[in-house]
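Examining the three-dimensional arrangement
What follows is each chain in one-letter form.
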Amino acid sequence: MAALFSCCLGCCGDGGSGHVPLKEMPAVQLDTHHMGTDVVIVKSGRRICGTGGCLANAPLHQNKSYFEFKIQSTGVWGVGVATQKANLNQIPMGRDMHSLVLRHDGSVYHNNEEKNRLPANSLPQEGDIVGITYDHVEMNLYLNGKNMLCPASGIRGTVLPVVYVDDSAILDCQFSDFYHTPPAGFEKILFEQQIF
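These figures come from a predicted structure and were not determined experimentally. (Residues numbered from 1 in each chain as written. Predicted model: local features only at pLDDT ≥ 70, side-chain atom pairs only at ≥ 80, totals over all residues. Heavy atoms only, no water.)

Let's talk about the overall build of the chain
- When its secondary structure is counted, the chain shows two helices and 14 strands.
- Taking all 196 residues of the chain together, 44% fall into the buried category.
- In the chain, of all internal contacts separated by at least 6 residues, the share reaching a separation of at least 24 is 65%.
- Accessible surface, the chain: about 10,200 Å² in total, of which carbon and sulfur atoms supply 50%. (Helix = DSSP H or I, 4+ residues; strand = E, 2+ residues; numbered from the N terminus. Buried < 20%, exposed > 50% of the residue type's maximum accessible area, 1.4 Å probe, protein only. Contact = heavy atoms within 4.5 Å. Areas by Shrake-Rupley, 256 points an atom, 1.4 Å probe, with all protein chains shown as cover.)

Details of the pattern of salt bridges
- Evaluated as defined, the whole model comprises three salt bridges.
- One salt bridge in this structure joins Glu113 and Lys115, with 3.8 Å as the shortest N-O distance.
- On the basis of relative accessible area, Glu113 is assigned to the partly exposed category, the value being 44%.
- Relative accessible area serves as the criterion here: at 31%, Lys115 is assigned to the partly exposed category.
- With a closest N to O distance of 3.2 Å, Glu114 and Arg117 form a salt bridge.
- On the basis of relative accessibility, which here comes to 38%, the residue Arg117 falls in the partly exposed class. (Salt bridge = Lys/Arg side-chain N within 4 Å of Asp/Glu carboxyl O.)

With respect to unusual backbone geometry
- For the peptide bond that leads from Ile91 to Pro92, omega is 0 degrees, which places it in the cis range.
- Topologically, Pro92 is positioned in the loop between β5 (76-82) and β6 (99-103).
- Residues other than glycine seldom take positive phi values, yet Asn112 does so here, at roughly 60 degrees.
- Position of Asn112 among the secondary structure elements: in the loop between β7 (107-110) and β8 (113-117).
- By relative accessible area, which is 54% here, Asn112 ends up exposed.
- One non-glycine residue, Leu149, lies in the positive phi region at around 50 degrees.

Quick word on the confidence of the model for the chain
- When the pLDDT values of the chain are averaged, the result is 90; 86% of them are 70 or greater.
- Taken together, the stretch residues 4-16 has pLDDT below 50 and engages in four contacts with residues farther than four places along the chain or on a different chain. (pLDDT = per-residue confidence, 0-100.)

Here's the deal with the packing of aromatic side chains
- Within the structure shown, the criterion is met by three aromatic pairs.
- Ring centres of Phe67 and Phe69 lie 5.8 Å apart, and the angle between their planes is 85 degrees; on these two criteria the pair is classed as edge-to-face.
- Of the residues examined, Phe67 reaches a relative accessible area of 0% and is grouped as buried. (Phe/Tyr/Trp six-rings, centres within 6.5 Å; stacked < 30°, edge-to-face > 60°.)

So, the side chain of Thr83
- Take Thr83: it is sitting in the loop between β5 and β6.
- Overall, the relative accessible area of 9% leaves Thr83 in the buried class.
- Excluding residues within four positions of it along the chain, Thr83 makes contact with Leu55, His98, Ile155, Arg156, Thr158, Val159 and Leu160.

Let's talk about the environment of Val159
- With respect to the helices and strands, Val159 occurs in the loop between β12 (152-153) and β13 (160-166).
- Expressed as a C-alpha distance, the spacing of Val159 and His136, which sit 23 residues apart in the sequence, is 8.6 Å.
- Val159 has contacts with Pro59, Leu60, Val81, Ala82, Thr83 and Tyr134, leaving out every residue within four places of it along the chain.

Side note on the side chain of Gln174
- Considering the arrangement of structural elements, one finds Gln174 in strand β14 (residues 170-174).
- Judged by relative accessible area, Gln174 falls into the buried class, the value being 7%.
- Within polar-contact distance, the side chain of Gln174 engages the backbone oxygen of Asp177 at 3.0 Å.
- Setting aside its immediate chain neighbours within four residues, Gln174 contacts Arg46, Phe67, Glu68 and Tyr179. (Polar contact = N/O pair within 3.5 Å; in protein donor to acceptor, adjacent residues only side chain to side chain.)

Considerations on the pairing of β5
- Most of β5 is tucked away: six of the seven residues are buried.
- Here β5 runs beside β13; their pairing, made up of seven bridges, is antiparallel. For Ala82, the partnering residue across the bridge sits in β13 and is Leu160.
- In terms of strand pairing, β5 meets β6 through five bridges, oriented antiparallel. Note that in β6 the partner of Ala82 across the bridge is Ser99. (Pairing = 2+ DSSP bridges.)

Structural data, given as C-alpha cells:
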C-alpha cells in the first residue's frame, strides 16, 4: 500500500500538490515579428507609426471577428485583413491577393482592384474610430459605430488584422475593450485555444 501511495505522489510531479498552473492567453496586439522594416510599434503593441504595415498576432479563426482602429494622426494609412504573405513594406497595401484594406481615401482595395468605397461624406478623420467585421467571406466597415454599408470580399486563406501607416499617420488598435459595441454576432478576436 505504501508503494502505491508513493507512486501516486510521484505522478503529480511536484511532490503531490496536484496543482497544474494554467497558461494565461496572450493578448491580441500588433506583432513585432510581422511588420515592415520602418514601422515603430509602441503602447504595448497597440500603436503604429513610421512607414509600413504590421499584422496582428492572432489569425481570424472564429466565424465572426470584430476589431477597431482609432486615427490618432492623419496621413497615409490603411486597415483591414491580410495573410502572412503580404508585403508589409509596400504601401499602400491592397495591391496583391494577400491583403484587403480600407485606404485613407475611402477606397477598399484587394488584388489592385477597387472593391468598394466609403460614401464621399464619410471619410475617416483624426479621432475617428474605424471598426471592422470579418466573417471569412466578407469584410464590413464601421465609422464611429455606424455601418458604412461598404462590404468587400475576395481574400482567401488564413487572415490576420493588418494596419499600415505613412506620411505621419498614427493609428491605435483596439482588439478588446472597444469604443463601440460590436455588431450582433461579432466579438473580439479569440486565439484558437479559446475557441475550443
